[in-house]
Amino acid sequence: MSVLPITVYGDKILREIAKPIENIDGEVIAKIQQMFFTMRQASGIGLAANQVGWNGKLFVIDLSPVEGFEDHKPVVMINPEIVEKSDELVIFEEGCLSLPFIRAEVERPESIVIRYYDTDEKEHEIEADDWFARVIQHEYDHLLGKMIPDRVTPDLKKKMQKELLRIMKRQIEPDYIITEK
Ligand code: ZN
């Protein structure tokens, strides 16, 4: 299996609203497998379809490399909808494969309820908290065309500007393949 180049800040597709997946066919399933492969090669724990240049409403998550989540099963969420968010907010430091070398504290609801489909077209509704809720919300943002800089304080976003420009100009060298400018 080959890795797919990962889109980075400035690539237009990262600003698009994801289109729902109409048919979960063999082609879609093959692409999902390629997303898992690409994510693991890049040492990521979550990846949305538009991060590999695909406008599709789905993302993959594999938390098993995170300490304490070794038994967590990899999951793909197709056509997900967050249906509930806790009032309690928490701050976590986040990174993103589309924002190489940037880490930032982001405030988000502590827990959520999300509804989604799996590759067998079975509907699920689960409650997630802690790291799982965090990664889900980060990936869900990608499907709305949103990224970390849209979720931080204006001050922090300003401080990030230089780094964002470096990413857009490809003046960075992450140890995974990114799209060409
Ligand atoms: Zn991301």
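Residues numbered from 1 in each chain as written. Predicted model: local features only at pLDDT ≥ 70, side-chain atom pairs only at ≥ 80, totals over all residues. Heavy atoms only, no water.

Visitor: Got a minute to help me understand the nonpolar core in this structure?
Guide: Across soluble globular proteins, you tend to see nonpolar side chains buried next to one another. In this structure, Leu58 and Leu99 are the most contacted members of the largest nonpolar core, which totals 36 residues. Of all the secondary-structure elements, those providing two or more residues to this core are helix H1 (26–41), strand S2 (58–61), strand S3 (75–85), strand S5 (104–109) and helix H3 (154–168). Element by element, the count of residues in this core is highest for H1, at 5 residues. If sequence neighbours within four positions are ignored, Leu58 has contacts with Ile21, Val28, Ile32, Met35, Ala48, Ala49, Val76, Met77, Ile78 and Leu143. (Core = buried A, V, L, I, M, F, W, Y, C linked by side-chain atoms within 4.5 Å. Buried < 20%, exposed > 50% of the residue type's maximum accessible area, 1.4 Å probe, protein only. Helix = DSSP H or I, 4+ residues; strand = E, 2+ residues; numbered from the N terminus. Contact = heavy atoms within 4.5 Å.)

Visitor: Could you clarify how one ought to interpret the layout of surface pockets in this entry?
Guide: Picture a little ball the size of a water molecule; that probe, rolled over the atoms, points out where space is still empty. Quantified by volume, the largest pocket comes out at close to 440 Å³. Looking at the largest pocket, it is lined by 23 residues, and the ones nearest its centre are Glu94, Gly95, Cys96, Leu97 and Arg103. Elements supplying a minimum of two residues to the lining of the largest pocket: strand S4 (89–94) and helix H2 (130–143). The leading source of residues in the lining of the largest pocket is H2, at 6 residues. Across the lining of the largest pocket, the residue classes break down as 11 nonpolar, 7 polar and 5 charged. (1 Å grid on protein atoms, 1.4 Å probe; cavity = no way out; pocket = protein on both sides within 12 Å on 5 of 7 lines; lining within 4 Å. Points joined across faces, edges and corners; volume = space filled by probe spheres on them. Nonpolar A, V, L, I, M, F, W, Y, C, P; charged D, E, K, R; others polar.)

Visitor: Can you walk me through H1 in this structure?
Guide: Structural remark: α-helix, 3.6 residues per turn; residues separated by three or four positions point the same way. An ideal rise of 1.5 Å per residue puts 22 Å on 16 residues; H1 measures up with 23 Å between its terminal C-alpha atoms. Of the residues making up H1, those classed as buried are Val28, Ile32, Gln34, Met35, Phe36, Thr38 and Met39. Turning to H1, the residues buried within the fold contact strand S1 (46–48), S2 and S3. After H1 finishes, the residue Ser43 shows a positive phi value of roughly 55°. (Expected span 1.5 Å × (residues − 1).)

Visitor: I'm lost on the environment of Asp141 in this one. Help?
Guide: Positionally, Asp141 belongs in helix H2. Since its relative accessible area comes to 4%, Asp141 is described here as buried. In the structure, Asp141 is positioned 59 residues away from Ile82 in sequence and 11 Å away in space, judged by C-alpha atoms. Apart from the residues within four sequence positions on either side, Asp141 is in contact with Arg108, Lys146 and Arg151.

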